[in-house]
Amino acid sequence: MKPSSFSYHAPTRVEEATALLAEHGDGAKVLAGGQSLVPMLSLRLAAFEHLVDLNKVAGLSSIERSNGHLRVGAIVRQATAEHSPDVAAAAPLLARALPHIGHFQIRNRGTVGGSIAHADPASELPAVALALDATIEAAGPGGTRTIAASDFFVSTWQTALADDEILSAVQFPVWGPGSGFAVEELTRRHGDFALVGAVVGVQVSGASVTKASIGLFGVGPTPLRAADAEAALLSGVDAAEAGRIAATGISPVDDIHASGAYRTHVTAVIVRRAIEAALKEARS
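Rules of the game
- Residues numbered from 1 in each chain as written.
- Predicted model: local features only at pLDDT ≥ 70, side-chain atom pairs only at ≥ 80, totals over all residues.
- Heavy atoms only, no water.
- Helix = DSSP H or I, 4+ residues; strand = E, 2+ residues; numbered from the N terminus.
- Buried < 20%, exposed > 50% of the residue type's maximum accessible area, 1.4 Å probe, protein only.
- Contact = heavy atoms within 4.5 Å.
- Lys, Arg positive; Asp, Glu negative; His and termini not counted.
- Charge placed at Lys NZ, Arg CZ, Asp CG, Glu CD.
- Core = buried A, V, L, I, M, F, W, Y, C linked by side-chain atoms within 4.5 Å.
- Salt bridge = Lys/Arg side-chain N within 4 Å of Asp/Glu carboxyl O.
- Axes fitted to C-alpha atoms, helices over the stretch in contact; angles between N-to-C directions.
- Parallel < 35°, antiparallel > 145°, perpendicular 65-115°, else oblique.
- Left-handed = near helix turned anticlockwise from the far one by under 90°.
- Nonpolar A, V, L, I, M, F, W, Y, C, P; charged D, E, K, R; others polar.
- Pairing = 2+ DSSP bridges.
- Expected span 1.5 Å × (residues − 1).

### Topic: the overall build of the chain
Looking only at helices and strands, the chain has 12 helices and 14 strands in total. When the backbone C-alpha atoms are referred to their principal axes, the chain occupies close to 55 × 45 × 30 Å. Taken over 284 residues, the chain has a buried fraction of 51%. Long-range pairs, those at least 24 residues apart, make up 62% of the contacts in the chain between residues at least 6 apart in sequence. Here the chain contributes 22 positively and 28 negatively charged side chains, and the mean placements of these two sets differ by 6 Å.

### Let's talk about the nonpolar core
For soluble globular proteins, the rule of thumb is that nonpolar side chains tend to be buried together. Within the largest apolar cluster, 40 residues are counted, with the highest numbers of intra-cluster contacts made by L94, I116 and F172. Top contributing element to this core by residue count: helix α8 (residues 124-131), with five residues. Counting 26 residues, the second largest nonpolar core, distinct from the first, contains V209, A226, A229 and A246.

### A short note on the side chain of S168
Structurally, S168 is set in strand β10 (residues 166-173). Residue classification places S168 among the buried positions, given a relative accessible area of 6%. Setting aside chain neighbours within four positions, we find S168 in contact with L60, G73, A74, E137, A138 and A139.

### Looking at the pattern of salt bridges
Two side chains carrying opposite charge are able to pair once their charged atoms lie near each other. Evaluation of the coordinates by the stated rule reveals 13 salt bridges. In this structure, E15 engages R13 in a salt bridge whose closest nitrogen and oxygen atoms are separated by 3.3 Å. Residue classification places E15 among the partly exposed positions, given a relative accessible area of 49%. On the accessibility criterion, R13 (45% relative accessible area) is partly exposed. Residues R272 and E276 are paired through a salt bridge, measuring 3.2 Å at the closest nitrogen-oxygen approach. Here R272 pairs with E276, and both are found in helix α12 (residues 260-283), just four residues apart, close to one helical turn. Taken together, the shared-partner salt bridges in this structure form one network comprising R13, E15 and E16.

### A word on the packing of helix α10 (residues 227-235) against helix α11 (residues 239-248)
At a closest axis distance of 7 Å, the pairing of α10 and α11 adopts a crossing angle of 160 degrees. Overall, the two elements α10 and α11 adopt an arrangement that is roughly antiparallel. α10 and α11 meet at a crossing whose hand is right-handed. The segment α10 lies against α11, with D228, A229, A232 and L233 engaging A242, I245 and A246. Of the residues contributing to the contact of α10 with α11, the split by class is six nonpolar, no polar and one charged.

### Some points on the pairing of strand β7 (residues 143-148)
Where strand β6 (residues 135-140) meets β7, six bridges bridge the pair, whose relative direction is antiparallel. Within β7, the residue paired with I136 across the bridge is I147. The turn joining β6 and β7, which pair antiparallel and follow one another in sequence, is formed by two residues.

### Looking at the packing of α11 against α12
At a minimum axis separation of 7 Å, α11 and α12 run at an interaxial angle of 140 degrees. Taken together, the axis directions place α11 and α12 in an arrangement best described as oblique. In the packing of α11 onto α12, the handedness of the crossing is right-handed. Contacts from A239, A240, A242, G243, R244, A246 and A247 in α11 reach T264, T267, A268, V271, R272, I275 and E276 in α12.

### Considering the sheet that holds strand β11 (residues 179-186)
An order of β11-β12-β13-β14 is seen for the four strands of this open sheet, with the pairing classed as antiparallel. Two strands in the sheet have a free side with no partner beyond their single neighbour: β11 and β14 (224-225). Relative to β14, strand β13 (residues 208-217) runs antiparallel, the two being bridged by two bridges. For G215, the partnering residue across the bridge sits in β14 and is R225. The strands touched by α10 within the sheet are β12 (196-205), β13 and β14, with β13 carrying the most contacts at an inclination of about 160 degrees.

### A look at α12
Taking 1.5 Å per residue as the helical rise, α12 with its 24 residues ought to reach 34 Å, and the 34 Å between its terminal C-alpha atoms agrees with that figure. Within α12, burial applies to G260, R263, V266, T267, A268, I270, V271, A274, I275, A278, L279 and A282. Where the residues of α12 are buried, they touch β11, β12, β13, α10 and α11.

So, in structure tokens, the structure goes:
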């Protein structure tokens, strides 16, 4: 199939892009890498009268580290971030998650900001943003505001961005020494969306876990934070028990790929594996 007809806009400044969104309202959609949007348009699962392409907008493609944060611009390609030494050093969990996204052809075009703004609940990067307490920069006609990742994901494919705002950058906090990170997921084939996935970060001091973050994806309408399992890790429980606790806090639905009961069972296993891998790294 072919997409419905639309008007194409290629602004060069953030102000132009947000003005176009404000002018056209619900009839406009932002285009970044297009790896999710273009197939949906082609299959006529979505239709918009105006596409606002961000690829020529200045200032959205930088990776910068300062003040304890790694700032990743909205149209930084996933492949660029995947191979960036700055990302690997400052946000290892982001670097670990990126190779799980589709295939390298997808990552060559797909963007970090686009994946997070698309808010697919089975996608890795929204869960990474949630687990790391990332901050979303939202640019609109009135200027730029920040949104905590915990407030950003509203429902499936829905975020806290206003109709006239674009995601301009994401800031990931840099963790300190004694940290370890891991990504685990179950897919039918490499590159498929995850049936169940977990991203984990831990920080240790001696034998104690002093900081823990666990993000889940593929098991709800949004990425989920396993707060009870995090608290359990801090109290000294082992990885297996933390995995069981994480699984008790979810209610995944049945679909053509897996039942909710299966996803719940697998969550406990996936979380355990991720915690064990993260702890091994932190203690090494």
